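Fold and geometry: a report
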Amino acid sequence: MAILEIRKFPDKILRQQAQPVADITDPERKLIQDMFDTMCFAKGVGLAAPQVGISKRIIVCNPTGEEADGLAIINPRIIYRKGRKVKDCEGCLSIPTLTAEVARFTIIGVVGKDPAGKNISLEARDLLARIIDHETDHLNGTLFIDKIGFLKRKMLVGRYKKKVGITCVGRWY
Ligand code: CO
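The sections below set out a description of the structure shown in this document. Since the model is a prediction, treat every value here as computed from it, not as a measurement. (Residues numbered from 1 in each chain as written. Predicted model: local features only at pLDDT ≥ 70, side-chain atom pairs only at ≥ 80, totals over all residues. Heavy atoms only, no water.)

1. Quick word on a nonpolar patch on the surface
A cluster of nonpolar side chains, namely M1, I3 and F41, defines an oily patch on the protein surface of about 390 Å² accessible area. Locating I3 in the fold gives a position in the segment before α1 (26-41). (Patch = residues over 30% accessible without salt bridge, like charges linked within 9 Å, V, L, I, M, F, W, Y side chains within 5 Å. Areas by Shrake-Rupley, 256 points an atom, 1.4 Å probe, with all protein chains shown as cover. Salt bridge = Lys/Arg side-chain N within 4 Å of Asp/Glu carboxyl O. Helix = DSSP H or I, 4+ residues; strand = E, 2+ residues; numbered from the N terminus.)

2. With respect to the pairing of strand β5 (residues 119-125)
Pairing analysis gives seven bridges linking strand β4 (residues 100-113) to β5, with the strands arranged antiparallel. Residue pairing for β5: G112 is matched across the bridge by I120. Hairpin connection of β4 to β5: five residues between the antiparallel strands, including G117 at a positive phi of 90°. (Pairing = 2+ DSSP bridges.)

3. A word on the side chain of T38
Its place among the elements puts T38 in helix α1. Taking relative accessible area as the criterion, T38 reaches 1% and is therefore assigned buried. Each residue touching T38, except ones within four places of it in the same chain, is listed here: A2, I3, L4, I6, L47 and V52. (Buried < 20%, exposed > 50% of the residue type's maximum accessible area, 1.4 Å probe, protein only. Contact = heavy atoms within 4.5 Å.)

4. Comments concerning the coordination of the cobalt ion
In the first shell of the cobalt ion, the protein supplies C92 (SG), H134 (NE2) and H138 (NE2), at 2.0 to 2.3 Å from the metal. Read in sequence order, the donor residues coordinating the cobalt ion give the pattern C-x41-H-x3-H. A residue pair is termed long-range when its members are at least 10 positions apart, and C92 in the loop between β3 (71-90) and β4 and H138 in helix α2 (residues 126-139) qualify at 46 residues. Like C92, the residue H138 is buried in the burial classification. (Donors = N, O, S within 2.8 Å, 3.2 Å for Na, K, Ca; no water.)

5. A look at the packing of aromatic side chains
One pass over the full model with this rule turns up one aromatic pair. Where F9 meets Y160, the ring centres are 5.7 Å apart and the plane angle is 50°; that geometry is what we call tilted. With F9 in the segment before α1 and Y160 in helix α3 (residues 150-164), this pair connects stretches of sequence that are 151 residues apart. The same class applies to F9 and to Y160, which are both buried. (Phe/Tyr/Trp six-rings, centres within 6.5 Å; stacked < 30°, edge-to-face > 60°.)

6. Re the sheet that holds β3
Picture the strands of a sheet paired through backbone hydrogen bonds; they go either parallel or antiparallel. The strand order across the open sheet formed by five strands is β1-β2-β3-β4-β5, and the pairing between neighbours is antiparallel. Two strands bound the open sheet, and with one partner strand each, they are β1 (46-48) and β5. Pairwise comparison of adjacent strand axes, ignoring direction, gives a mean angle of 30° for this sheet. Relative to strand β2 (residues 58-61), β1 runs antiparallel, the two sharing three bridges. If you follow L47 over to β2, its bridge partner there is V60. (Axes fitted to C-alpha atoms, helices over the stretch in contact; angles between N-to-C directions.)

7. Observations concerning the pattern of salt bridges
Within the structure shown, the criterion is met by 13 salt bridges. The residue D137 makes a salt bridge to R104 at a minimum N-O spacing of 3.0 Å. Of this pair, D137 sits in helix α2 while R104 sits in strand β4, placing them 33 residues apart in sequence. Here the two residues D137 and R104 agree in accessibility, since each one is buried. Through salt bridges that share partners, R81, E90, R104, R130, D133, D137 and K147 make up one connected network.

8. Topic: α2
In a regular helix each residue adds 1.5 Å, so 14 residues correspond to 20 Å; α2 covers 21 Å between its end C-alpha atoms and thus fits that length. Of all 14 residues making up α2, 11 are buried, and the element is well covered by its neighbours. Among the residues making up α2, those that are buried are A129, R130, I131, I132, D133, H134, E135, T136, D137, H138 and L139. Contact partners of the buried residues in α2: β1, β2, β3, β4 and β5. (Expected span 1.5 Å × (residues − 1).)

Geometric descriptors of this kind do not, in isolation, establish any biological role.
Dropping the structure here:
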């Protein structure tokens, strides 16, 4: 068990396109276990590998915190989004203290591989759909603050900068 350091916004790795995983071997499985441990320790419901400094297409989620509900997806690909677009309050372990209402579809279809290397295909709804969408966004360098209005983002990021003591000026948000 290892608790990894969670990279915080505006760390550049959070803005990179993560690389597909070619082979799922023991190092990848160890990383996935560490990601579960780190997510659980941080009381999060989802985590993407770039958030722990590894630019690879791996996500873990757990909407309930029950061990049986843990889900890891390697090379996740969202193949459809449907249902209604619903706004709900979202946060991110890489942007602590900041939350905002984000609109996402209530149903998504996702394909990828599990830690054993088997193909998986599932339809997720509601909170799980929201988490998978949020975490898959991380693999493309997208953060939830990109999905809210510009003025709201400017205000929230300004507040975040003050809170975490960032004094640099720049258009990194
Ligand atoms: Co996040």
